[in-house]
Amino acid sequence: MIRLGLIREGKTPADNRVALTPAQCKWIHKNSDEVRIFAQSSPGRCFSDKEYRAAGIEVVDDISDCDILLGIKEVPVSQLIPNKTYLFFSHTRKKQSYNQELFQSIISSKITLIDYECLEHEDGQRILGFGFFAGVVGAHNGMMGYGHRSGAYDLVRVYRQRSFRELIHTYFGLRIPPVKVAVTGSGRVAHGILEIMNLMGIVEVEPEDYLLKKYSYPVYTQLKGAGLYERKTDGAYNRVHFHDHPSEYNCKFLPYAMQSDILMNGIYWDTAMPRLFEREAVQDPAWRLHTIADITDDAFGSVPINLGDQTIEDPVYGVSKTSFKKTAPYLPGSVDVMAVGNLPNELPRDASRYFGEQLIKYVLEDLVKNNQSDVIERATMVKEGVLTSRYYYLADYAAGK
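No experiment lies behind these values; they were computed from the predicted model shown. (Residues numbered from 1 in each chain as written. Predicted model: local features only at pLDDT ≥ 70, side-chain atom pairs only at ≥ 80, totals over all residues. Heavy atoms only, no water.)

S.K.: What am I meant to see in the domain arrangement of the chain here?
M.R.: Interfaces are often sized by the accessible area lost when the parts come together. For the chain, the assigned domains are domain 1 (2–111 + 348–398) and domain 2 (131–346). Taken over C-alpha atoms, the centre of domain 1 sits 32 Å from the centre of domain 2. With 10 residues of domain 1 in contact, the opposing surface of domain 2 contributes 11 residues. Taken together, both faces of the contact between domain 1 and domain 2 bury some 900 Å²; the carbon and sulfur share is 48%. Joining domain 1 to domain 2, the criterion identifies zero salt bridges. Across the domain 1-domain 2 interface, the total number found is five residue pairs in polar contact (both at pLDDT 80 or more). When its residues are assigned to classes, the side of domain 1 that touches domain 2 shows four nonpolar, one polar and five charged. (Domains from an automatic or database assignment. Contact = heavy atoms within 4.5 Å. Buried area = accessible area lost by both parts, 1.4 Å probe. Salt bridge = Lys/Arg side-chain N within 4 Å of Asp/Glu carboxyl O. Polar contact = N/O pair within 3.5 Å; in protein donor to acceptor, adjacent residues only side chain to side chain. Nonpolar A, V, L, I, M, F, W, Y, C, P; charged D, E, K, R; others polar.)

Have a look at this one:
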């Protein structure tokens, strides 16, 4: 019998999502004699202790008897239990400095770490993630920010709605002015953005038309890899080559900044990739963008005027076009930036259901049966305190360098 523990989230700010909902836990118990699930008591979880108990799940304070521990965000060092197997988003694969101590503690505590972010299908497609709901919430918040700046309409706050379905009902009768919205990316985040564009009645147009035409109704265009990047030598784009050699490419986004009112940024980015624009571009008299929803949210990253995170309660700030310093939002001479690191927490129950479904479909059976699964092996960063071969590149990071 494998004992799975749903741990209480310990990171600050608190995260209210779960890896498995009460209904999903109940289904697992009904369909498997090999698994028993325990939920660590938590006052802040989007599904209450009472809901887990009603589903037949034992709620406990101490989960140290469990074999495998499932969380969402990074586990504080002081809360790690030695010699256990953990699954959570560790945010260490890029050698993030703010989690270096956590990674070192995982190794010294002889823990096995399976990182959700590293769980991938054979073709490299990620299995688990909250990107779709990050896209949904981020797009809504971006449109909300533009509504505040322009005074043209007023949108509700997502986190005050009980569900995605309830949020959709708030769009009935909504009239968006003839804005132009640039959407970047092609993954889960972008799919969430497009969902909101379509629900709000914003019409998709081709990139070339978007740049050349004026419209009497709101439009968006989606810019994927080939529409955003070109090789410096010949202007071509190859997805595999780009991801292997991103520094050999330029970004083609700038003309869209001059034709867009709103940017919904949903691209993956790391430090070797070209930015969408350089910050000085916002000083160009032709600059049109007033609202940027940086949904993938890399501070000083693909959006160089992303100056860091805001909170769910206060998601938008301004950036001065002259000093590039943070200001209040919606001021003349500034660009509004929506940057929040935990956007899916605004729709935590919907996001958790989606996450748990993928976990059950593609991961759980191999995990509990200890199958020699390539998917699990590739996502195991540390095994019983030892770096696995796929993650040897983190040796210096693990050594504190």
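S.K.: Any chance you could explain the packing of aromatic side chains here in plain terms?
M.R.: Each aromatic ring pair is summarised here by two numbers: the centre-to-centre distance and the angle between the ring planes. A complete count under the given rule lists 19 aromatic pairs for this structure. Geometrically, the ring pair formed by phenylalanine 89 and phenylalanine 130 is tilted, given 6.2 Å between the ring centres and 55° between the ring planes. Note that phenylalanine 89 is positioned in the loop between strand 5 (85–88) and helix 3 (100–108) and phenylalanine 130 in the loop between strand 6 (112–115) and helix 4 (131–150), a separation of 41 residues in sequence. Using a relative accessible area of 7% as the deciding quantity, one classes phenylalanine 130 as buried. Relative to tyrosine 217, the ring of tyrosine 215 lies with its centre 5.6 Å away and its plane at 65°, an arrangement referred to as edge-to-face. Tyrosine 215 sits in the buried class, given a relative accessible area of 17%. Joined through ring pairs, the aromatic side chains of Phe89, Tyr116, Phe130 and Phe355 make up one cluster. Directly above the aromatic system of phenylalanine 130 lies the positively charged group of arginine 17, at a separation of 4.3 Å from the ring centroid. (Phe/Tyr/Trp six-rings, centres within 6.5 Å; stacked < 30°, edge-to-face > 60°. Helix = DSSP H or I, 4+ residues; strand = E, 2+ residues; numbered from the N terminus. Buried < 20%, exposed > 50% of the residue type's maximum accessible area, 1.4 Å probe, protein only. Lys NZ or Arg CZ within 6 Å of the ring centre and 35° of its normal.)

S.K.: Help me understand the sheet that holds strand 13 (residues 291–294), please; the structure alone is not making it clear to me.
M.R.: The strands making up a sheet are joined through hydrogen bonds of the backbone, oriented either antiparallel or parallel. One open sheet holds the eight strands; their spatial order is 8-9-7-12-13-16-14-15, and the pairing between them is mixed. Lying at the two open borders of the sheet, with one neighbouring strand each, are strand 8 (203–204) and strand 15 (326–327). Relative to strand 13, strand 12 (residues 262–265) is paired through four bridges, and the arrangement is parallel. Paired with methionine 264 across the bridge in strand 13 is alanine 293. Where helix 4 meets the sheet, it contacts strand 7 (180–184), strand 12, strand 13 and strand 16 (334–338), and its direction lies at approximately 165° from that of strand 12. (Pairing = 2+ DSSP bridges. Axes fitted to C-alpha atoms, helices over the stretch in contact; angles between N-to-C directions.)

S.K.: Help me out: how do you make sense of the UniProt feature "binding site: NAD(+)" (unreviewed entry) in the chain in this one?
M.R.: The positions UniProt marks with the feature "binding site: NAD(+)" (unreviewed entry) are Tyr268. Along the polypeptide, tyrosine 268 turns up in the loop between strand 12 and strand 13. By relative accessible area, tyrosine 268 is classed as partly exposed at 47%. The residues touching tyrosine 268, leaving out its near neighbours within four places in the chain, are Lys94 and Met273. (UniProt positions renumbered as here; feature names shortened; annotations may be inferred.)

S.K.: Could you clarify how one ought to interpret the sheet that holds strand 17 (residues 380–383) in this entry?
M.R.: Strand order across the open sheet formed by eight strands is 3-2-1-4-5-6-17-18, with mixed pairing between neighbours. The outermost strands of the open sheet, each flanked by one partner alone, are strand 3 (58–60) and strand 18 (386–387). Sheet analysis places strand 1 (residues 2–6) next to strand 4 (residues 68–70), joined by three bridges and oriented parallel. Each bridged residue has a counterpart across the sheet, and for leucine 4 the counterpart in strand 4 is isoleucine 68. Helix 1 (residues 22–31) rests against strand 1 and strand 2 (35–40) of the sheet, and its axis sits at about 155° to strand 2.

S.K.: Whenever I open this one, empty space enclosed by the protein confuses me. Can you help?
M.R.: Leftover empty space is mapped by rolling, across the atoms, a probe with the size of a water molecule. In this structure the tally under the stated criterion is one cavity of 30 Å³ or more. Counted as a void, the largest cavity has a volume near 50 Å³. Residue lining of the largest cavity: Leu6, Ile7, Glu9, Arg17, Val18, Ala19, Arg45, Leu70, Gly71 and Ile72, and that is the complete set. (1 Å grid on protein atoms, 1.4 Å probe; cavity = no way out; pocket = protein on both sides within 12 Å on 5 of 7 lines; lining within 4 Å. Points joined across faces, edges and corners; volume = space filled by probe spheres on them.)

S.K.: What is the right way to look at unusual backbone geometry in this model?
M.R.: What you tend to see is this: most non-glycine residues have negative phi, and most peptide bonds are trans. With a phi angle near 70°, asparagine 83 is a residue other than glycine that sits in the positive phi range. Within the secondary structure, asparagine 83 is located in the loop between strand 4 and strand 5. We note that phenylalanine 300 has phi near 60°; this positive angle belongs to a residue other than glycine. Along the chain, phenylalanine 300 falls in the loop between strand 13 and strand 14 (316–320).

S.K.: For this particular structure, what's the right way to read the packing of helix 4 against helix 6 (residues 188–199)?
M.R.: Two quantities define a packed helix pair, namely the angle between the axes and the distance from one axis to the other. Two elements in contact, helix 4 and helix 6, have axes separated by 6 Å at closest approach and are oriented at 45°. Judged by the inter-axis angle, helix 4 sits oblique to helix 6. Helix 6 is crossed by helix 4, and the crossing has right-handed handedness. Here Gly131, Phe132, Gly135, Val136, Ala139, His140 and Met143 of helix 4 lie close against helix 6, whose contacting residues are Arg188, Val189, His191, Gly192, Ile193, Glu195, Ile196 and Met197. Residues of the contact of helix 4 with helix 6, tallied by class, amount to eight nonpolar, five polar and two charged. (Parallel < 35°, antiparallel > 145°, perpendicular 65-115°, else oblique. Left-handed = near helix turned anticlockwise from the far one by under 90°.)

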